[in-house]
Amino acid sequence: MDDLDFEDYLLNVPYPKPDVYGSLSMPVYNAAAYEFKSASDMEAAFCGKTTDHTYSRISNPTVHYFEERVKQITGAFNVTALNSGMAAVSNVFMSIAYNGANIVTSPHLFGNTYSFFANTLRTFGVEVRFCDLTSEKEILENIDENTCGIFLEIITNPQMEVADLSVISELAHEKNIPLIADTTLVSFSVFKAGSFGIDVEVVSSTKYISGGATSIGGLIVDYATFDWTKNKSLNELAKVHKNYAFNYKLRKEIHRNFGAYMNPGTAHLQTIGLETLHLRYERQSRTCLELAKRLQKLKSIESVNYPGLPGNPFYEVSCRQFGENPGAMLTFGLASKDACFQFLDNLKMIRRATNLFDNKSLAIHPASTIYGNFSQVQREAMDISDKTIRLSVGLESADSLFEDIRQALELH
Ligand SMILES: *Cc1c(COP(=O)(O)O)cnc(C)c1O
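**Here's the deal with the sheet that holds strand S1 (residues 78-82)**
Here's step 1: Taken together, seven strands build an open sheet; the order of strands is S1-S7-S6-S5-S4-S2-S3 and the sheet is mixed. Only two strands of the sheet have a single partner each, and these edge strands are S1 and strand S3 (127-130). Within the sheet, the average angular offset between the axes of one strand and its neighbour, ignoring direction, is 20°.
Here's step 2: Strand direction decides the pairing type here: strand S2 (residues 102-105) and strand S4 (residues 147-153), joined by three bridges, are parallel. Its bridge partner lying in S4, Ile103 is registered against Gly149.
Here's step 3: Sheet contacts for helix H9 (residues 245-258): S1, strand S6 (200-204) and strand S7 (218-222); angle to S1, the most-contacted strand, approximately 25°.

**Quick look at the domain arrangement of the protein chain**
Here's step 1: When its domains are assigned, the protein chain resolves into domain 1 (6-274) and domain 2 (279-410).
Here's step 2: Between domain 1 and domain 2, the C-alpha centre-to-centre distance is 28 Å.
Here's step 3: Contacts between domain 1 and domain 2 engage 37 residues on the former and 32 residues on the latter.
Here's step 4: Per-residue buried area on domain 1 facing domain 2 is highest for Met160, Val162 and Tyr208; these three make up 24% of the total on that side.
Here's step 5: Run the count over domain 1 and domain 2 and you get one salt bridge.
Here's step 6: A salt bridge links Asp164 to Arg320; its shortest N-O distance comes to 2.8 Å.
Here's step 7: At the boundary of domain 1 with domain 2, the tally comes to 12 residue pairs in polar contact (both at pLDDT 80 or more).
Here's step 8: Broken down by secondary-structure element, the contributors of at least two residues to the side of domain 1 that touches domain 2 are helix H5 (111-120) and helix H7 (165-174).
Here's step 9: For the side of domain 1 that touches domain 2, the element with the highest residue contribution is H5, accounting for three residues.
Here's step 10: Partitioned by chemical class, the residues of the side of domain 1 that touches domain 2 number 19 nonpolar, 14 polar and four charged.

**Comments concerning the site of the ligand**
Here's step 1: Close to the ligand lie 14 residues; Gly85, Asp182, Ser204, Thr206 and Lys207 are nearest.
Here's step 2: Residue Met86 places a main-chain N or O atom 2.9 Å away from an oxygen atom belonging to the ligand.
Here's step 3: Across the complex, the protein chains shield 91% of the 380 Å² of accessible surface that the ligand would expose by itself.
Here's step 4: Among the residues making up the shell around the ligand, the classes are represented as five nonpolar, seven polar and two charged.

**A short note on the pairing of S6**
Two faces belong to every sheet, and in a regular strand the side chains alternate between them.
Here's step 1: Most of S6 is tucked away, with five of its five residues classed as buried.
Here's step 2: Side chains Val200, Val202 and Ser204 project from S6 onto one buried face, and the interleaved Glu201 and Val203 project onto a second face that is buried too.
Here's step 3: Two strands pair when backbone bridges link them, and strand S5 (residues 179-182) and S6 are joined in this way by three bridges, in the parallel orientation. Counterpart to Asp182 in the pairing with S6 is Val202.

**Section: the sheet that holds strand S8 (residues 303-305)**
Here's step 1: Taken together, five strands build an open sheet; the order of strands is S8-S9-S12-S11-S10 and the sheet is mixed. With one partner strand each, in any of the chains shown, S8 and strand S10 (351-352) form the two edges of the open sheet.
Here's step 2: Each of S8, strand S9 (329-333) and strand S12 (388-392) touches helix H11 (residues 277-295); the most contacted strand, S9, lies at about 10° to it.

**A short note on the packing of aromatic side chains**
Within a pair of aromatic rings, the relevant descriptors are the distance that separates the centres and the angle that separates the planes.
Here's step 1: In this structure the tally under the stated criterion is 16 aromatic pairs.
Here's step 2: Where Phe191 meets Phe196, the ring centres are 5.1 Å apart and the plane angle is 20°; that geometry is what we call stacked.
Here's step 3: When its relative accessible area of 1% is taken as the criterion, Phe191 is described as buried.
Here's step 4: Classification of Phe196 by relative accessible area gives partly exposed; the value is 22%.
Here's step 5: Taking 5.8 Å as the distance between ring centres and 35° as the angle between the ring planes, the aromatic pair formed by Tyr371 and Phe374 counts as tilted. Judged on exposure class, the residue Tyr371 and its partner Phe374 are both buried.
Here's step 6: One aromatic cluster is present, formed by Phe93, Phe116, Phe117 and Phe151 through successive ring pairs.
Here's step 7: Between Arg294 and the ring centre of Phe402, over which it is positioned, the NZ or CZ distance is 4.7 Å.

Thresholds, definitions, all that
Residues numbered from 1 in each chain as written. Predicted model: local features only at pLDDT ≥ 70, side-chain atom pairs only at ≥ 80, totals over all residues. Heavy atoms only, no water. Pairing = 2+ DSSP bridges. Helix = DSSP H or I, 4+ residues; strand = E, 2+ residues; numbered from the N terminus. Axes fitted to C-alpha atoms, helices over the stretch in contact; angles between N-to-C directions. Contact = heavy atoms within 4.5 Å. Domains from an automatic or database assignment. Buried area = accessible area lost by both parts, 1.4 Å probe. Salt bridge = Lys/Arg side-chain N within 4 Å of Asp/Glu carboxyl O. Polar contact = N/O pair within 3.5 Å; in protein donor to acceptor, adjacent residues only side chain to side chain. Nonpolar A, V, L, I, M, F, W, Y, C, P; charged D, E, K, R; others polar. Near = heavy atom within 4 Å. Areas by Shrake-Rupley, 256 points an atom, 1.4 Å probe, with all protein chains shown as cover. Buried < 20%, exposed > 50% of the residue type's maximum accessible area, 1.4 Å probe, protein only. Phe/Tyr/Trp six-rings, centres within 6.5 Å; stacked < 30°, edge-to-face > 60°. Lys NZ or Arg CZ within 6 Å of the ring centre and 35° of its normal.

See below:
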């Protein structure tokens, strides 16, 4: 894999069966169900003896092709595509959590993931323990025999904290706990989750992968590296399916019952997005670093937060894990909430919108929007300040972006 030029690789994954019309890209199979030649073929497909598709809530050729491409890029054992990043997060925990289980994680989480943990899972008897994942001591104090997973975001959004994955994965595996990571902020064309001891990776493919913000999607990337006999809810299955027990439970039960499989139109768009993923990521993350450096020099900006900046507290661990350009999102602090609102209103080119890694640059005030429904106490626990602007850097030039930011700051 490392020997191949990445773009060549991204562009040239053949599809499983030749298309009757020789279509150059995988066709979109907008089909709900599939027909069989005989009752016994049907029995074989429904009972899992063949891999034929039966019904598109369970599998679909176009979605399967997208999953296969991600599988080849990541080197994973299996990939499941869902209809949002949140569906990916919730399907993982519905597969491994149980009444009485706990999850150890950080309060620095994407807003809906936090709410899923703090509200939704809690009502099912799953306790979520929020702690400082950059402290080995705190992790050790929080885990016990009912910890079904340690969960983290590789760069937290929007606090931009970076935990040391080698420390956490070693500790997790010593204690027989799987490490589950949301890797949305760094493209898997540069960040190889499997080589950092991550057992299950979740990605919001809405972001870098969709390319141009065309669609909502999520991925569960399973490396089959964890011995699931150590997990109380998968223990019985693992006696038969070993390290593949998680995937078995997910594909045979959870994802079918929750019904959040990706639709084929989205898979088509995101397969095309995949082809330019690495190019876009490289360009956007390089521009982001350049901008971060230039923004540090502006007087009205009180602080710039980007782990790729020398001097950032996570600079070294970030370089080790993500290379020189850790993604295309940065945050900066202004004097007040008012100053943030005025800045946003003054922007001419950068769009006022949520979402990350669109081709266009996007700016948002997280405290009043994404975190607007949380209480002040909760926002403080999550380190969400109302003086922070989040910027997602697109494909525009660093000069034009800098100029837009500079003029928007000067106007007040
Ligand atoms: C956007 C995002 C999600 C949720 O993904 P959706 O596709 O919006 O459901 C989860 N985690 C992170 C880090 C995100 O940025």
